[in-house]
Amino acid sequence: ITFFYNQETNYYSARTFIRRIYVRAGNPVRIEYTKRANDNNVLPTAKVEFLTEDRCIGSCVWSTDYPDTPGDLQCGATGTCTKNYPSFWSKLKLSRITTFSWVNNAWQGVNRWDLAYSFPTPPPDSDGDISQKKMELTSVTRRTPDGAQSLPPTTYTYTWLKNRNNHPAGVSPMVMSRLSQVTNELGGSVGFSYASDCPTTLSNNIRPPYDCFVAWDPYTGSGGWVIWRKYEVTQQVWNDGLSNPPRTTP
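Report on the accompanying structure. Predicted model, so just to flag it, every value in this text is computed and none were measured.

Moving on to the packing of aromatic side chains. Applying the stated criterion across every chain, the model contains six aromatic pairs. Seen in terms of ring centroids, Tyr22 and Phe88 are 5.7 Å apart; in terms of plane orientation they differ by 70°. Their pairing is edge-to-face. On the criterion of sequence distance, the pair formed by Tyr22 in strand 2 (residues 18-33) and Phe88 in the loop between strand 3 (46-54) and strand 4 (92-103) is long-range, its members being 66 residues apart. Judged by its relative accessible area of 12%, Tyr22 falls in the buried class. For the pair Trp62 and Trp89, a centre-to-centre distance of 6.3 Å together with 5° between the ring planes defines the contact as stacked. With a gap of 27 residues between them, Trp62 in the loop between strand 3 and strand 4 and Trp89 in the loop between strand 3 and strand 4 connect regions that are remote in the sequence. Members of the aromatic cluster, each reached through a chain of ring pairs, are Tyr12, Tyr22 and Phe88. We note Lys47 situated over the ring of Phe100; from NZ or CZ to the ring centre the distance is 5.0 Å.

The next thing to look at is unusual backbone geometry. Trp62 connects to Ser63 through a cis peptide bond whose omega is -5°. Relative to the helices and strands, Ser63 is located in the loop between strand 3 and strand 4. In this structure, Pro250 follows Thr249 across a cis peptide bond, with omega equal to -5°. As for its placement among the helices and strands, Pro250 is situated in the segment after strand 13 (247-249). The backbone phi angle of Asn105 is positive, close to 60°, even though this residue is not glycine. Mapping Asn105 onto the fold places it in the loop between strand 4 and strand 5 (106-118). Even without being glycine, Met174 reaches a positive phi, approximately 55°. When you line up the elements, Met174 lands in the loop between strand 7 (154-162) and strand 8 (175-183). A residue is classified by how much of its surface remains accessible, and Met174, at 29% relative accessible area, is partly exposed.

Parameters at a glance
Residues numbered from 1 in each chain as written. Predicted model: local features only at pLDDT ≥ 70, side-chain atom pairs only at ≥ 80, totals over all residues. Heavy atoms only, no water. Phe/Tyr/Trp six-rings, centres within 6.5 Å; stacked < 30°, edge-to-face > 60°. Helix = DSSP H or I, 4+ residues; strand = E, 2+ residues; numbered from the N terminus. Buried < 20%, exposed > 50% of the residue type's maximum accessible area, 1.4 Å probe, protein only. Lys NZ or Arg CZ within 6 Å of the ring centre and 35° of its normal.

Right under this line is the structure:
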């Protein structure tokens, strides 16, 4: 099995007048199967191809239309660059997966999956803060290789939950989404419920016996411990989309 990748590169100022290039991210392009090790004359008989697109909305103007991409960390080979360290992130998203088989001396498509995304705006908290948009996978649609026919999409829905538990006025609670339901191609679904036992103050910041973890924040006021929530799945509800009653676990 052979894996092929594309690279995304970036630059940083290693020191004055020295600009260094590095690999910022990598994306799979193709996987080839049934080749022999150390024998390049044997062609593969199956492969998977991955298609990527820009991780953007609207007109895809860099970096305004890239909601969750850190455009301030981009540096070019020339021009101003104030970053003296490498950073690792991607401007791309996976948009399509296609499988092929080698038949009669030609590649024949077998299956194709198209991925769709959205960048929803989190709800504002009591202080009016709106956390940054984050990309969400909304559906995966299985199609014929030419895209002419398809099954109903597998869809994904989400619920908004706060990440930060002790946020003073003017500090973002970091509201982000968690997966709440997956509905498959045949109408069956599984839903998830979450809970987090996490107080707003802790007496033990090293090993809190709650669904929390802590970090020191030197930028909020005079500094202090920041309490972050951890959410656990407390219940799953399975529905086959037919007339059978739903099944609940645990």
